[in-house]
Amino acid sequence: MAESKIMLGNEAIARGAYEAGVKVSAAYPGTPSTEISENLVQYEDIYCEWSPNEKVAVEVASGASIVGVRSMACMKHVGLNVASDPLYTMSYIGVKGGMVIVVADDPGMYSSQNEQDTRMIGRASMVPVVEPSDSQEAKDFMKYAFDLSEKYDTPVILRTTTRLAHSQGLVTLEDRFEPVDVPYERDIKKHVMMPAMAIGRHVAVEKRLNDMIADGADMPINRVELNDTSIGFITCGIAYQYVKEVMPEASVLKLGLVNPLPRKMIEDFAAKVDRLIIFEELEPVIEEQVKSWGIKCEGKEIFTRQGEYSANMIREKLLKQDLKLDTKKEVPARPPILCPGCPHRSVYTVLNKLKIHAAGDIGCYTLGALAPLSVIDTTICMGSSISSLHGMEKAMGKDYIKNWVAVIGDSTFMHTGVNSLMNMSYNKATGTVIILDNSTTGMTGHQDHAATGKTLMGEPTYAINIYNLVKSLGIENVYEVNAYDIKALEETIKREVAKDEISVIITKSPCVLLKGNVFPDKCVPVPEKCKKCGACLKPGCPALTRNEDGTISIDETMCNACGLCMQLCRFEAIVKEAK
Amino acid sequence: MATTNIMIVGVGGQGTLLTSRILGKMATGAGYDVKLSEVHGMAQRGGSVVTYVRYGENVAEPIVEEGQVDVLIAFEKLEALRYLHFVKKDGVIIVNDLRMDPITVVTGQATYPSDILETLEKNRKTIVVDATKKSKEIGSPKSFNVIVLGAAARHMSFAKEDWLKVIETTVPPKTIQKNIEAFEAGYAMSV
């Protein structure tokens, strides 16, 4: 019997890519897609990399495909925005070796800045989208996506969602298929997208979509489960599981290909059921198309466009069941916070003291928007801190932004922040940029990047020096400061924001959770000296709590002896000791 | 058999993920269909964290919803209270007698409830274990989560030997002995 294993959705996607014979994979980390690359790297015979951003990743995969090998790129939904440029044109070029772009959407926004639906981008770019419903399908559909890609000469998007990516289910393992590489042939009509050629390719793209629409009913990833016909569901992805959980007897058209839609199959199914319900998370992508064909159906008038779906949602909204649930108890919220010993906390403590606003960016450090640090004023997208600060200065003048800075992490700076800094240098900007350099991509769980000196495959490599990179852009005021030294931080920030020039302050200290970090010491309170002023508690370090008598306790299992609380105490009532 | 629904709740960093994976292996080993659901990324950073494990003959959805939990494993008291309404009327709560103030309490925006254990006990069958204290006694403060799991194991249908086998193959090799000790301690605490 074939081996079967319990696998995370992302692990199964990586397994599917391996079994499909993928040879090149490029990605930028982003929850909930990161574990795909981290799992893929364990298989021999696959080249895997972290690219600086998603656009680069899709272009790397494109090149590999053009010379005839199976390739892939992985990213979270917002990453596809960055990669849109190559996506829309690779749609015209098509493939030699199969090419799959895995995109992970985040309904419910567990770890994202918006809730966009990748199926819409699939439609807009005229790229087919497949969507699995569990770990087994994640593996199977990945393989099928490569077949589709080669058969229809198109890149294919495999769409997942957080719930699928981060849930585990049983998967049957199979052997790797070794595809024969397609020999390269120079073909400028297909590979050089200048107007004359692109005009011809647009025709091919439309024909390809029409072929897929016609073939949809015969694709094994689209399936009709005809049972009780009083209600029929059209559904896809994880939403299918909620239907099966609540109404296993209902008829279901389960779509694996969610763009383009198999129109004839949908029309036939609609004709067989009395009431047609479209059950799809996020946008009414299927519903609006089905309605445009004149088919009566219900969808978003019953179910929301927002957040994750659930089985209880069907029970309550569709079946009108009274679930007699207990009322939820009112309890204090527990939002995520910076870890004990996090170097960002130290930088934010200084910015907070100086009453400086920060244009923020994407990473753990976005948490600095919340109380008690309350430093970040804006967060848009990767790299936007620097460019939005630039826009503020151009709108309001250099004096206006003297109590503003941009804060951006090292990985985000390498992703797209460097472009924005180039712009500041070119367009005669003033303003202070703080690069919070913790030597890793922190939020997604410690991935390497172009400035860490190690590749995804674990090999040592040239570590781009951020200081020199910034200097090379023509910026004179570049300073490296220890992130835990609040005195030096305060001096440097105060001095630099006052200048009518560009300044870049690189605060350096590795993420406390980085592997190999050892903390031999701990901070210990000295209650006799404590004046109960609470200065040490201000930055909100989770290792510190106030005792009933007003003195403090420090949890020794959490404390990394970063010394921030010690520096804030004016009474020497906190000391460092060996653990 | 009907699907068994388990929910593990705690604070980011307390090991809910490891615990759900041990449970997943237990159920797979027993030949059940299994689904697990986890939380990664931003939510992990010291926030309220939830993982789900479902096993039975045929499991469709990977999450457990309100009113459907058979066993709630809580590594912290406030988190048990937060998810109390997820537990079936005849379900059971295993709760670690630990208070960790969320940032909203630390900054004075909210007050930590003083009567959590009473509220839990009044509403559902509740087993309170002081795993934090016990873990210090056995000299392994980080294994408190395995102590809580040991206490919960009494309320699931797997044999003790199978638990021990799975723990051995899941935790880092250096920590096997301490984790076994922790599991045994928890198992002995819950009757």
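Scroll up to find the structure this text is about.
The following paragraphs examine the structure supplied in this document. None of these values were measured; they are calculated from a predicted model. (Residues numbered from 1 in each chain as written. Chains lettered and ligands numbered in written order. Predicted model: local features only at pLDDT ≥ 70, side-chain atom pairs only at ≥ 80, totals over all residues. Heavy atoms only, no water.)

A few words now on the sheet that holds strand 5 (residues 87-96) of chain B. An order of 1(A)-8(A)-2(B)-3(B)-1(B)-4(B)-5(B)-6(B) is seen for the 8 strands of this open sheet, with the pairing classed as mixed. For this open sheet the edge positions go to strand 1 (4-8) of chain A together with strand 6 (125-129) of chain B, each flanked by a neighbour on one side alone. Each strand axis lies, on average, 20° off the axis of its neighbour in the sheet, ignoring direction. Examined bridge by bridge, strand 8 (residues 167-172) of chain A and strand 2 (residues 33-37) of chain B share 2 bridges and lie antiparallel to one another. Note on strand 2 of chain B: the bridge partner recorded for Gln 168 of chain A is Leu 36 of chain B. (Pairing = 2+ DSSP bridges. Helix = DSSP H or I, 4+ residues; strand = E, 2+ residues; numbered from the N terminus. Axes fitted to C-alpha atoms, helices over the stretch in contact; angles between N-to-C directions.)

Let's shift gears to the pairing of strand 11 (residues 250-255) of chain A. Residues and elements named next belong to chain A. By the criterion of burial, strand 11 is predominantly enclosed, with 6 of the 6 residues buried. Where burial is concerned, the two faces of strand 11 agree: the one with Ala 250, Val 252 and Lys 254 and the one with Ser 251, Leu 253 and Leu 255 are both buried. Where strand 9 (residues 223-225) and strand 11 come together, 3 bridges link them in antiparallel fashion. In the sheet register, Arg 223 faces strand 11, and the bridge partner there is Lys 254. Each parallel crossover has a hand, and for strand 10 (residues 228-236) linked through helix 11 (residues 239-246) to strand 11 it is right-handed. (Buried < 20%, exposed > 50% of the residue type's maximum accessible area, 1.4 Å probe, protein only. Right-handed = clockwise from strand over helix to strand, strands pointing away.)

All names here are of chain A. Scanning the model with the defined rule gives 0 disulfides over all chains in all. We note that Cys 364 lacks a disulfide partner, and the nearest cysteine sulfur, in Cys 511, lies 6.5 Å from it. Here Cys 559 is not cross-linked by a disulfide; its sulfur's nearest cysteine counterpart is in Cys 523, at 4.2 Å. (Disulfide = S-S within 2.5 Å.)

The next thing to look at is the sheet that holds strand 17 (residues 431-437) of chain A. Residue and element names in this part refer to chain A. The sheet built from 6 strands is open, its strands ordered 15-14-16-17-19-18 with parallel pairing. Strand pairing shows two members of the sheet lacking a second neighbour, strand 15 (376-378) and strand 18 (477-482), which therefore form its edges. If you compare each strand with its neighbour and ignore which way they point, the axes differ by 30° on average. Looking at chain direction, strand 17 and strand 19 (residues 502-508) are connected through 7 bridges and run parallel. Paired with Thr 432 across the two strands is Ser 503, which belongs to strand 19. Where helix 15 (residues 343-353) meets the sheet, its contacts fall on strand 15, strand 16 (404-409), strand 17 and strand 19, and the angle it forms with strand 17 comes to roughly 155°. Those strands touched by helix 19 (residues 486-497) are strand 16, strand 17, strand 18 and strand 19, and its axis lies near 165° from that of strand 18. (Contact = heavy atoms within 4.5 Å.)

Of the residues lining the interface, 50 residues belong to chain A; the matching set on chain B comes to 52 residues. Summing the contributions of chain A and of chain B, the shared interface buries around 4200 Å²; its carbon and sulfur component is 60%. Ranking the residues of chain A by area buried against chain B places Gln 168, Pro 332 and Arg 334 of chain A at the top, with a combined share of 19%. Run the count over chain A and chain B and you get 5 salt bridges. We note a salt bridge from Asp 326 of chain A to Lys 89 of chain B, for which the minimum N-O separation is 2.9 Å. (Buried area = accessible area lost by both parts, 1.4 Å probe. Salt bridge = Lys/Arg side-chain N within 4 Å of Asp/Glu carboxyl O.)

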